[in-house]
Amino acid sequence: FLAQKYLPKFIHGLHYRLLDVTTLKLVWQSMGGPPFDKRNSALIQQYFPGTIEIKGTLHDAYYDVQASMAEMNFYRFKLLRKLRRAG
C-alpha cells in the first residue's frame, strides 16, 4: 500500500509475470531438483562465467549479487533442460 501511495509509476510497471530467483527455486524444488549451494564458489563460477575470483563471504552484498546471478542461471538452465525433455 505504501508503494501504491508513494511510488505509483513503479507499481504501474510491475506485472504478475515478473519472476525472481525464489520463484525459479521453488519451481525447481517442487520438481525434486537439488538446491543451489551459494557457499560453493566453484558452482558460482560455473553458472556465472566471467567471475574470476569470488571474494567476500556469503553475507557480503557483492558476493550475494554474484551468487544470486549464478543461482538464477542454474535454475534457468536446469528447468529449461528438464522441460525440453518432458515436452
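Residues numbered from 1 in each chain as written. Predicted model: local features only at pLDDT ≥ 70, side-chain atom pairs only at ≥ 80, totals over all residues. Heavy atoms only, no water.

## Remarks on the overall build of the protein chain
Which entries qualify depends on this criterion: For the purposes of this entry, the term helix denotes a DSSP run of H or I that reaches at least four residues, the term strand denotes a run of E that reaches at least two, and both are numbered from the N terminus. Contacts were defined at the residue level, with two residues in contact if any of their heavy atoms lie within 4.5 Å. To be clear on the numbers: accessible area is Shrake-Rupley with a 1.4 Å probe, and residue cover counts the displayed protein chains and nothing else.
Along its length, the protein chain carries five helices and zero strands. Secondary structure of the protein chain in N-to-C order comes out as α-α-α-α-α. Look at the contacts in the protein chain between residues 6 or more apart in sequence, and 54% of them connect residues 24 or more apart. For the protein chain, the exposed area adds up to about 6900 Å²; of that, 61% sits on carbon and sulfur atoms.

## Quick word on the environment of F74
For clarity, the cut-off: Relative accessibility under 20% of the residue-type maximum defines a buried residue, over 50% an exposed one, and the middle range a partly exposed one, all with a 1.4 Å probe and only protein chains included.
The topology assignment puts F74 in helix 5 (residues 61-86). You can call F74 buried: its relative accessible area is 6%. As a C-alpha pair, F74 and K25 span 49 residues in sequence and 9.4 Å in three-dimensional space.

## What to know about the packing of aromatic side chains
The following threshold applies: In summary, the pairing rule links any two rings of Phe, Tyr or Trp, Trp by its six-membered ring, whose centres are within 6.5 Å, and it sorts them by plane angle into stacked for under 30 degrees, edge-to-face for over 60 and tilted for everything else.
On inspection of all chains with the given rule, the structure shows five aromatic pairs. Residues F36 and F74 carry aromatic rings whose centres are separated by 5.1 Å and whose planes lie at 55° to one another, so their mutual orientation is tilted. Of this pair, F36 sits in the loop between helix 3 (21-30) and helix 4 (41-47) while F74 sits in helix 5; the two residues are 38 residues apart in sequence, bridging distant segments of the chain. Here the two residues F36 and F74 agree in accessibility, since each one is buried.

## Description of a nonpolar patch on the surface
Selection rule: What makes a patch is a set of residues exposed beyond 30% relative accessible area and free of salt bridges, joined within 9 Å when like-charged and within 5 Å when nonpolar (Val, Leu, Ile, Met, Phe, Trp, Tyr). The term salt bridge refers to a pairing of a side-chain nitrogen on Lys or Arg with a carboxyl oxygen on Asp or Glu at a separation within 4 Å.
On the surface, a cluster of nonpolar side chains totalling about 670 Å² of accessible area is made up of L2, Y6, L7, F10, L14 and L18. With respect to the secondary-structure elements, L2 resides in helix 1 (residues 2-6). Overall, the relative accessible area of 63% leaves L2 in the exposed class.

## With respect to the packing of helix 3 against helix 5
Angle between the axes and distance between the axes: these two values describe a pair of packed helices. For clarity, the threshold we go by: Axis geometry follows a simple rule: fit a line to the C-alpha atoms, using only the stretch in contact for helices, then measure angles between N-to-C directions, giving values from 0 to 180 degrees. What sets the label is the angle itself: under 35 degrees gives roughly parallel, over 145 gives roughly antiparallel, 65 to 115 gives roughly perpendicular, and the rest give oblique. Handedness of a helix crossing follows the sense of rotation of the near helix relative to the far helix, less than a right angle counterclockwise being left-handed and clockwise being right-handed.
Between helix 3 and helix 5, the least distance of the axes is 9 Å, while the angle of their chain directions is 40°. In terms of axis orientation, helix 3 runs oblique to helix 5. Judged by the twist between their axes, the crossing of helix 3 over helix 5 is left-handed. Two secondary-structure elements touch here, helix 3 through V21, L24, K25, V27 and W28 and helix 5 through S68, E71, M72, F74, Y75, K78, L79 and K82.

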